[in-house]
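Breakdown of the fold
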Amino acid sequence: MDEPTILLTNDDGIESAGLRAVYDGLSTVGDVTAVAPAEDQSAVGRAISHEVTVHEHELGYAVEGTPSDCVVAGLEALVTDTDLVVAGCNRGANLGAYVLGRSGTVSAAVEATFFDVPAMAVSMYIPVREDAAFADIEANGDSYREAAKATTYLADHAVDAGVFEQCDYLNINAPVAEWGDAQMTVTRPSHLYEMDAEQDGDAVTLHDRIWEHMADGDIPDPEGTDRRAVVDGKVSVSPLTAPHTTEHHEALDAIAETYEPDDGEAAD
């Protein structure tokens, strides 16, 4: 492939340090245009709008909408010759099967797959003990160096190597750059799930206990999972397919066959 045209988006907003770090890296291997939310749109999943306002930006376009809005607007109106969509770099990891549908970063990559455009979602793991402490963690552009390096490498090699002939998108999670140079390993999403809730009067507080385990390094996730790789200081790359598909389901077929349609007579 000649120099690819790359659409870059995220959910942290177009002014985020993570997006700029990846933009600079990708610009060495392709023609990059950012089409990213004007403001933070974290954890919105695949929320979509009917109409969005678009502003020109030095990196491309700032969109008053969600990551999925950015991908649809980008591919259909703003950067119609896109060869690859990259979402990120997110400030915080997107690890585990249960996180994939929540993440605006991952959702942007998923949205691209429905246009048959290869995509990558990239995030940086920041060790925190509690979700509430996350906002206090500083992450400057240099922190994203490992994430930007891995993303640039994959953008330069994955398409020509035929990677996307066997998957729809890649979910990449990298450690903070200060941990040193990291190995890259192919992973699968972990299925460990430890959400819980506590009630105090009229309020119910939701906790994701996984982050505490990760910060302590005592996770039970086996080798080969995305979470284990990142805790071990590696760059995790999970080749994934778009959601909501399944194999032939004999048990459901049997139930459907015994369903009796209404005879059309209205009930008294």
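Note that the coordinates shown come from a computational prediction; the quantities given were computed from them, not determined experimentally.

1. Examining the pattern of salt bridges
For the structure shown, the criterion picks out 9 salt bridges. Across the salt bridge formed by R209 and E212, the nearest N and O atoms sit 3.0 Å from each other. Take E212: its relative accessible area is 21%, and that puts it in the partly exposed class. Bridged by salt links that share partners, the residues D196, E198, R209 and E212 form one connected network.

2. With respect to the pairing of strand 11 (residues 235-240)
Burial of strand 11 is extensive: 5 of the 6 residues sit out of reach of the surface. Two elements, strand 7 (residues 169-175) and strand 11, share 5 bridges in a ladder whose sense is antiparallel. Note on strand 11: the bridge partner recorded for L170 is P239. In terms of strand pairing, strand 8 (residues 184-186) meets strand 11 through 3 bridges, oriented parallel. Residue T185 lies in a different strand from strand 11, and its bridge partner there is S236.

3. Quick look at the UniProt feature "binding site: a divalent metal cation" (unreviewed entry) in the chain
Here, UniProt's "binding site: a divalent metal cation" (unreviewed entry) annotation points to D11, D12, S42 and N90. In three dimensions, the annotated residues from a span of 80 residues occupy one location, with a maximal C-alpha spread of 8.9 Å. The residue D11 is located in the loop between strand 1 (5-9) and helix 1 (17-26) in this model. For D11, a relative accessible area of 3% gives the class buried. Inspection of the secondary structure puts N90 in strand 5 (residues 84-91). Exposure remark for N90: the relative accessible area of 7% places this residue in the buried category.

4. A few points about the sheet that holds strand 6 (residues 119-125)
An order of 3-4-2-1-5-6-7-11-8 is seen for the 9 strands of this open sheet, with the pairing classed as mixed. Two strands in the sheet have a free side with no partner beyond their single neighbour: strand 3 (54-57) and strand 8. Adjacent strand axes in the sheet meet at a mean angle of 20°, parallel and antiparallel pairs treated alike.

5. Side note on the nonpolar core
Counting 36 residues, the largest nonpolar core has L8, L26, V86, M120, L170 and I172 as the members making the most contacts within it. Breaking this core down by element, the ones donating at least two residues are strand 1, helix 1, strand 2 (31-37), strand 5, strand 6, helix 4 (145-157), strand 7 and strand 11. Those residues in contact with L8, other than ones at most four positions away along the chain, are L19, V22, Y23, L26, V32, T33, A34, V35, A36, V86 and G88. In terms of nonpolar packing, the next biggest core, distinct from the first, is built from 20 residues, L7, V85, A112 and A119 among them.

Rules used throughout
- Residues numbered from 1 in each chain as written.
- Predicted model: local features only at pLDDT ≥ 70, side-chain atom pairs only at ≥ 80, totals over all residues.
- Heavy atoms only, no water.
- Salt bridge = Lys/Arg side-chain N within 4 Å of Asp/Glu carboxyl O.
- Buried < 20%, exposed > 50% of the residue type's maximum accessible area, 1.4 Å probe, protein only.
- Helix = DSSP H or I, 4+ residues; strand = E, 2+ residues; numbered from the N terminus.
- Pairing = 2+ DSSP bridges.
- UniProt positions renumbered as here; feature names shortened; annotations may be inferred.
- Axes fitted to C-alpha atoms, helices over the stretch in contact; angles between N-to-C directions.
- Core = buried A, V, L, I, M, F, W, Y, C linked by side-chain atoms within 4.5 Å.
- Contact = heavy atoms within 4.5 Å.

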